[in-house]
Amino acid sequence: MLNAWHLPVAPFVKQSNDKLQIVLWLTGDALPQRVTLRAEHDNEEISIRMRPLRSAPKPGVTAWRGEIDLTNGQPRRRYSFKLLWDDRQIWFTPQGFSRFPPARLEQFAVDAPDSGPQWVADQVFYQIFIDRFARSLPRESSQDNLYYHHAAGQNIELRNWDDPVTAHAGGSTFYGGDLDGISEKLPYLKKLGVTALYLNPVFTAPSVHKYDTEDYRHVDPQFGGDGALLRLRENTHREGFRLLLDGVFNHSGDSHAWFDRHNRGTT
């Protein structure tokens, strides 16, 4: 059985001067005789020969490496792998193996050159799932309002902070963590050596995870509302923390006004 591993991140992708080194790991009994890297040059398909590495990254793993020239072409580098035998060929993409060449958007992609903000590399990040991190006291009454969660087909559930997590209700179960709770924990986070916070979505949404955004214009009242985010920003700035939000602006939930699956905007 043939297996392949690749993600568009280290150690499979590495920039070396003006070359982008792409590595594919393979295991199995019937390994390919050749591997080529299907890439693009100004939206035109090109084929790059990959060479097997002499040293195996792990026992039983064969690694193939190819290089994409970064001195020209578009910054978004799309690529996939073609594995060849004398009598057949298959393709490897993020979707797995296929007998057919992949469509453009079905391929791996990496932005290069892409140095990004210089300050990021020096940070110690702490990601926070807001509802389960820290619950502030006192609280606004609106933070614990019950409402009907259409996607779950039931009212949301409010749990005591020390109640055990169960599989019941899933995204409709709330423990009451909020943004002011994070503000209260900044001394603890600084003691850990944290320098930057990355928050899961904060905008109004019916689920506990808030990826199904209902209103991007306001912070969810359960997390303390707009004022709580402003307070957190002031506190993190004062304490020297960077603050990043998972905005998820590329999609919304079915209760967003633009979608309004449950006709809430017409009642």
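In this text, all values refer to a predicted model and were calculated from it rather than measured experimentally.

Draft legend 1. Geometry of the nonpolar core. Ranked by internal contacts, the top residues of the largest apolar core, which has 24 residues, are L24, Y79, F81 and L83. With four residues, strand β3 (residues 19–27) is the single largest residue contributor to this core. Each residue touching L83, except ones within four places of it in the same chain, is listed here: L2, L24, L26, P32, R34, V35, R88, Q89, I90, F92 and F97. By size, the runner-up hydrophobic cluster in this structure holds 20 residues, among which are I128, F133, V219 and A228.

Draft legend 2. Broad picture of the sheet that holds strand β20 (residues 242–245). Spatially, three strands are ordered β12-β17-β20 in an open sheet, and the strand pairing comes out parallel. At either end of the open sheet lies a strand with only one pairing partner, and these are β12 (125–128) and β20. Here the average twist between neighbouring strands, direction ignored, is 20°. Sheet strands in contact with helix α3 (residues 225–239) are β17 (196–199) and β20, and its direction is about 145° off that of β20.

Draft legend 3. Region of the structure containing the packing of aromatic side chains. All chains considered together, the criterion is met by 11 aromatic pairs. Considering the side-chain rings of F81 and F92, the 6.4 Å spacing of their centres and the 35° angle between planes classify their relative orientation as tilted. Taken together, the residues F81 in strand β8 (residues 76–84) and F92 in strand β9 (residues 89–93) connect sequence positions 11 residues apart. Under the relative-accessibility criterion, F81 is labelled buried at 0%. Seen from their ring centres, Y216 and F249 are 5.3 Å apart, and the 45° between their planes marks the pair as tilted. Taken as a pair, Y216 in strand β19 (residues 215–219) and F249 in the segment after β20 lie far apart in primary sequence, 33 residues in all. The class of Y216 is partly exposed, set by a relative accessible area of 21%. What makes F249 exposed here is its relative accessible area of 60%. An aromatic cluster is defined as three or more aromatic residues linked by ring pairs; in this entry it consists of Y79, F81, F92, F97 and F108. A cation over a ring is seen here: R88 above W85, with NZ or CZ 3.8 Å from the ring centre. Of note, K210 hangs over the ring of F223, and the distance from its end group to the ring centre comes to 5.3 Å.

Draft legend 4. Spatial organisation of unusual backbone geometry. Cis peptide bonds are those with omega within 30 degrees of zero, and the linkage from A10 to P11 qualifies with 5°. Its identity is not glycine, yet A169 carries a phi of approximately 75°, on the positive side. Locating A169 in the fold gives a position in the loop between β15 (157–158) and β16 (173–174). With a relative accessible area of 19%, A169 lands in the buried category. Despite not being glycine, V248 has its phi angle at roughly 40°, a positive value. Mapped onto the secondary structure, V248 falls in the segment after β20.

Each value, and the rule that gives it
Residues numbered from 1 in each chain as written. Predicted model: local features only at pLDDT ≥ 70, side-chain atom pairs only at ≥ 80, totals over all residues. Heavy atoms only, no water. Core = buried A, V, L, I, M, F, W, Y, C linked by side-chain atoms within 4.5 Å. Buried < 20%, exposed > 50% of the residue type's maximum accessible area, 1.4 Å probe, protein only. Helix = DSSP H or I, 4+ residues; strand = E, 2+ residues; numbered from the N terminus. Contact = heavy atoms within 4.5 Å. Pairing = 2+ DSSP bridges. Axes fitted to C-alpha atoms, helices over the stretch in contact; angles between N-to-C directions. Phe/Tyr/Trp six-rings, centres within 6.5 Å; stacked < 30°, edge-to-face > 60°. Lys NZ or Arg CZ within 6 Å of the ring centre and 35° of its normal.

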